[in-house]
Amino acid sequence: MIAPPGEPRRGRKAIRGLADLAIHGAPPAFTDTVHVGRPNIGDRAAFMGRVDAMLDSRWLTNNGPMVQELERKLADYLGVRHVVAMCNGTIALEIAIRALGLKGEVILPSYTFIATAHALQWQEITPVFADIDPVTHNIDPAAVERMITPRTSGIIGVHLWGRAAPVDELAEIARRRHLSLMFDSAHAFGSTYRGRRVGAFGRAEVFSFHATKFFNCFEGGAVTTNEDDLATTMRYMRNFGFETYDKAVHVGTNGKMPEICAAMGLTNLDSLDAVVEANRVNLAAYERAFAGIEGVSLLRYDPREQSNFQYVVAEVDPGFGATRDEIVAALHAEGILARKYFWPGCHNMQPFRDLYPHAGLLLPNTKSVAERVIVLPTGTALPPDAIEVIASVFRVLGARGVRP
Ligand code: T4K
């Protein structure tokens, strides 16, 4: 359990004015850097036991027993027929996109991690960026509808920050316009939409189990689906297209999850509840610490839904005493590596910036949200007094600005 924040730890400086800030020459609050993506690590002895069993068995990869056990447990947990484990979320996206037969143009938000867009462009499919809802930060169904052309083959919804995308509205558009709908669910492991766990929506959903994710397998990912044939195709595709020895039936790649990653996943699955609880306690502490700071709001999670709370997202109003970038610079100077996810939006990064130079004209909400978000550290490795230090940086900058 993570202790609630209190006064800075003995020896940790208090930040009461500009002179206390590291950007003005004071010593940093943290010499051991505090990261947004610090991995959550389950029971080490249990993990080591699994590694010993794996080494004894001399079965290290290629759909081994631990991968199969992980797939079964994940299918159970997510309430979906098939979980196809992969080596990472990006390859899982690529395989799902190919197995669904997407081509031409596919609509997705620009406000997402760049892997969502790369997975399309890698296969020479045009990513068409639709704007987001400025409140939820998720793709706006009305914007999706506006971007459909005769070349559109599908929609990728992203459950950003672990809050479900507008699943029903997207499904209705996909049905009416004869498009395939899939989800990038990299952030949403354990989250619910209308009480049902994310994982069985659309034709397929894609998870990332990267080290920085709330549930991690070192590196890893999975595609989930209720479609039997699709699952079979993806199983072949992740193994060079092989159906059996000496018989390839599809174009394929190497998307296999190794046993050591599944061992980590099985171990971390056992401490999932404790990690969610730590994130929930951290978020409540952030909410208390930021309560009196005008001009900064923390993203809210719908209390009717389950969430993993793995992202603490602060939004800085334009009228705040310091800009978003000044705050980030001040936090970095204190040894707190807050992040500007997902600035500046995929459409402003290469190759998309050169390929689709006018994409930004239809993305006003993406621009304004990307310019005001700061993602703050959470998770089981967060030092207990970090939240109060972070809030005091915001408080001082909000009241005084950055310049003395
Ligand atoms: N779709 C979406 C919506 C995604 O967010 C992602 C991944 C994907 C698809 C693709 O899934 P994968 O192919 O990755 O499975 C990080 C992660 O690398 C990336 O997985 C994640 N999204 C994205 C949101 O964040 P970066 O560029 O921020 O940097 P990274 O991974 O170097 O580290 C972030 C912070 O975590 C750093 O301050 C260092 C710290 N860290 C990192 C690692 C790996 C640790 O403290 N320990 C560690 O072991 O991308």
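Residues numbered from 1 in each chain as written. Predicted model: local features only at pLDDT ≥ 70, side-chain atom pairs only at ≥ 80, totals over all residues. Heavy atoms only, no water.

Turning to the overall build of the protein, a few remarks are in order. Summing up its helical and strand segments, the protein has 13 helices and 16 strands in all. Against the globule reference of 22 Å for 404 residues, the protein gives a C-alpha radius of gyration of 22 Å, in line with a compact fold. Seen through its principal axes, the protein has C-alpha atoms that stretch 70 × 55 × 40 Å. Taken across its 404 residues, the protein has 56% of its residues classed as buried. (Helix = DSSP H or I, 4+ residues; strand = E, 2+ residues; numbered from the N terminus. Rg over C-alpha atoms; globule rule 2.2 N^0.38 Å. Buried < 20%, exposed > 50% of the residue type's maximum accessible area, 1.4 Å probe, protein only.)

So, about the side chain of Asn 279. As for its placement among the helices and strands, Asn 279 is situated in helix 9 (residues 272-290). Judged by its relative accessible area of 1%, Asn 279 falls in the buried class. Of the polar contacts made by the side chain of Asn 279, one reaches the backbone oxygen of Asn 308; its length is 3.0 Å. Non-local contacts of Asn 279, meaning those with residues more than four positions away in its chain, are made with Phe 214, Asn 308, Phe 309, Gln 310, Thr 378 and Gly 379. (Polar contact = N/O pair within 3.5 Å; in protein donor to acceptor, adjacent residues only side chain to side chain. Contact = heavy atoms within 4.5 Å.)

Quick look at the sheet that holds strand 13 (residues 296-298) now. Taken together, three strands build an open sheet; the order of strands is 13-14-16 and the sheet is antiparallel. Each having just a single partner strand, strand 13 and strand 16 (373-376) make up the two edges of the open sheet. Here the strands of the sheet are splayed against their neighbours by 30° on average, with no regard to which way each runs. Judged from the four bridges that link them, strand 14 (residues 312-316) and strand 16 form a sheet pairing that is antiparallel. In the sheet register, Ala 314 faces strand 16, and the bridge partner there is Ile 374. (Pairing = 2+ DSSP bridges. Axes fitted to C-alpha atoms, helices over the stretch in contact; angles between N-to-C directions.)

This part takes up the confidence of the model for the protein. Of the residues in the protein, 97% reach a pLDDT of 70 or more, and the chain-wide mean stands at 95. Contacts from residues 1-7, a stretch scored under 50 in pLDDT, to residues over four places away or in other chains number 16 contacts. (pLDDT = per-residue confidence, 0-100.)

Here we take up the sheet that holds strand 2 (residues 82-86). With mixed pairing, seven strands are arranged side by side in an open sheet as 2-10-9-6-5-3-4. Strands with a single pairing partner mark the edges of an open sheet, and in this sheet they are strand 2 and strand 4 (126-130). This sheet shows a mean twist of 25° between the axes of neighbouring strands, independent of strand direction. Taken strand by strand, helix 7 (residues 228-237) contacts strand 2, strand 9 (204-208) and strand 10 (221-225), and its axis lies near 15° from that of strand 2.

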